[in-house]
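If you want the building blocks of each chain, they are given just below.
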Amino acid sequence: VGIVDMYFAGTIGTSAISALAIAHTTWNMIAAFFEGLRLGTTVIASGFFGAQRHEDMYHVGRIGLAISAIMGTLLIAFGKPISVAVYSIVVKDPEVQALGIEYLPWILASGGFVFTTFVIDGMFRSVNRVVIPTLITLITQSVNIGLNCVFVWGMFGVQPMGIKGIALATFIAYFIASIFAVAALYFKGFKDLFKRLSTSFKSILGEYFSVAASVGLHSGFRLMAMLLFTKML
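Reference entry: report on the structure contained in this document. Note that the structure is predicted; figures quoted are calculated from it, not measured.

**Brief notes about the overall build of the chain**
Looking only at helices and strands, one finds nine helices and zero strands in the chain. Reading the secondary structure of the chain in the N-to-C direction produces α-α-α-α-α-α-α-α-α. In summary, the chain has a C-alpha radius of gyration of 19 Å against a globular reference of 17 Å for 233 residues, a match within 12%. In the chain, which comprises 233 residues, the proportion classed as buried is 48%. Accessible area of the chain: about 11200 Å², with a carbon and sulfur share of 70%. Counting 15 positive and 10 negative side-chain charges, the chain places the averaged centre of each group 6 Å from the other.

Structure representation (structure tokens):
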């Protein structure tokens, strides 16, 4: 997704490329802290699946989806202040700042959709069904490319929207992918996940957080170092 957005930014100008480079480094760092939602879900759910503890496996998915919804809401609420702070600290060029503040809040606002696909990826991988996660990726890429053509190049009567068009295309792509992912989860063998909770929910919560946090912190701090390097440059 980032490579596609960068390509279309290149048709706008070098300031747009600079703005997106900073945005992607920032977003990748945030997303990396939540990589544990995908790997943690895969690891814990696969253990429960192997032990035939299906209800506990569903709890893993419920916890992950709840975290995704909460964090997605927070990123929508604080996306603009975070964007302003990032570009104020990292870059001094006012044009790059303006373009970045126009782009990054949309990407942060899509975070809940991305985290949702992380969790659902993990659920399907835990039962060795990797085709659906692959389809989710293909849908994201296809929609993003198509909408970028429309919004940035002004196809089908749409006025070119510049960097906002790139952001909007990515936001919609993540949204559509998350809808597909939830539908796949419901119709492809995990319908019981959407039923009421059972008493074992709390006991699994701690285990899930332990694994997910370990993975997320490792990935996140590695990407944070890259953000600091960007600041140095």
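Read on, since the account is not over.
**Thoughts on unusual backbone geometry**
Its identity as a non-glycine residue notwithstanding, Q52 has a phi of 60 degrees, on the positive side. Along the polypeptide, Q52 turns up in the loop between α3 (36-50) and α4 (54-90).

**Focus on the side chain of D56**
You can see D56 is positioned in helix α4. Judged by its relative accessible area of 10%, D56 falls in the buried class. A polar contact is formed between the side chain of D56 and the side chain of R53, at a distance of 2.8 Å.

**Some points on α4**
End to end, α4 covers just 47 Å across 37 residues, shorter than the expected 54 Å (1.5 Å per residue, more than 12% under). The sharpest bend along α4 measures roughly 60 degrees and falls at F78, with the proline P81 sitting one to four residues further on.

**Some points on the nonpolar core**
Ranked by size, the top nonpolar core spans 62 residues in total, and within it W27, F190 and Y208 carry the most contacts. Each residue touching F190, except ones within four places of it in the same chain, is listed here: M57, Y58, M123, F124, V127 and L185. Among the nonpolar cores identified, the runner-up in size contains seven residues, and V143, F151, L168 and A173 belong to it.

**Re the side chain of S15**
Tracing the backbone shows S15 in helix α2 (residues 14-33). Take S15: its relative accessible area is 13%, and that puts it in the buried class. Engagement of the side chain of S15 in a polar contact is seen with the side chain of E95, the distance being 3.2 Å. Excluding its chain neighbours within four sequence positions, the residues that come into contact with S15 are E95, V96 and L99.

**Considerations on the packing of α2 against helix α8 (residues 163-187)**
Each packed pair of helices is defined by two parameters, the angle between the axes and the distance between the axes. Between α2 and α8, whose axes approach to 11 Å, the crossing angle comes to 30 degrees. Classified by the angle between their axes, α2 and α8 sit roughly parallel to one another. For the pair α2 and α8, the crossing hand works out as right-handed. Note on element contacts: α8 touches α2 through I163, I166 and Y174, opposite A16, A19, L20 and W27. Residue composition of the contact of α2 with α8, grouped by class: seven nonpolar, no polar and no charged.

**Focus: α2**
A rise of 1.5 Å per residue sets the reference length of α2, with its 20 residues, at 28 Å; its end C-alpha atoms lie 29 Å apart and thus fit the reference within 8%. With 14 of 20 residues buried, α2 lies mostly within the body of the structure.

**Focus on the environment of F8**
Within the secondary structure, F8 is located in helix α1 (residues 2-10). Sequence separation of F8 and G165 is 157 residues, and the distance between their C-alpha atoms is 9.7 Å. Not counting chain neighbours up to four residues away, the residues in contact with F8 comprise I145, N148, C149, V152, W153 and I166.

**Things to note about the packing of aromatic side chains**
Counted according to the given criterion, the structure contains 13 aromatic pairs. Note on W27 and F115: the rings are 5.9 Å apart at their centroids and 25 degrees apart in plane angle, and the pair reads as stacked. Here F115 lies in helix α6 (residues 111-126) and W27 lies in helix α2, a separation of 88 residues in the sequence. Three or more aromatic residues joined by ring pairs make a cluster, and in this case those are W27, F34, F115 and F118. The ring of F118 is capped by R38, whose NZ or CZ atom sits 4.1 Å from the centre of that ring.

Conventions used here
Residues numbered from 1 in each chain as written. Predicted model: local features only at pLDDT ≥ 70, side-chain atom pairs only at ≥ 80, totals over all residues. Heavy atoms only, no water. Helix = DSSP H or I, 4+ residues; strand = E, 2+ residues; numbered from the N terminus. Rg over C-alpha atoms; globule rule 2.2 N^0.38 Å. Buried < 20%, exposed > 50% of the residue type's maximum accessible area, 1.4 Å probe, protein only. Areas by Shrake-Rupley, 256 points an atom, 1.4 Å probe, with all protein chains shown as cover. Lys, Arg positive; Asp, Glu negative; His and termini not counted. Charge placed at Lys NZ, Arg CZ, Asp CG, Glu CD. Polar contact = N/O pair within 3.5 Å; in protein donor to acceptor, adjacent residues only side chain to side chain. Expected span 1.5 Å × (residues − 1). Bend = angle between axes of the 7 residues up to and from the residue. Core = buried A, V, L, I, M, F, W, Y, C linked by side-chain atoms within 4.5 Å. Contact = heavy atoms within 4.5 Å. Axes fitted to C-alpha atoms, helices over the stretch in contact; angles between N-to-C directions. Parallel < 35°, antiparallel > 145°, perpendicular 65-115°, else oblique. Left-handed = near helix turned anticlockwise from the far one by under 90°. Nonpolar A, V, L, I, M, F, W, Y, C, P; charged D, E, K, R; others polar. Phe/Tyr/Trp six-rings, centres within 6.5 Å; stacked < 30°, edge-to-face > 60°. Lys NZ or Arg CZ within 6 Å of the ring centre and 35° of its normal.

Shape descriptors only; they carry no functional weight alone.
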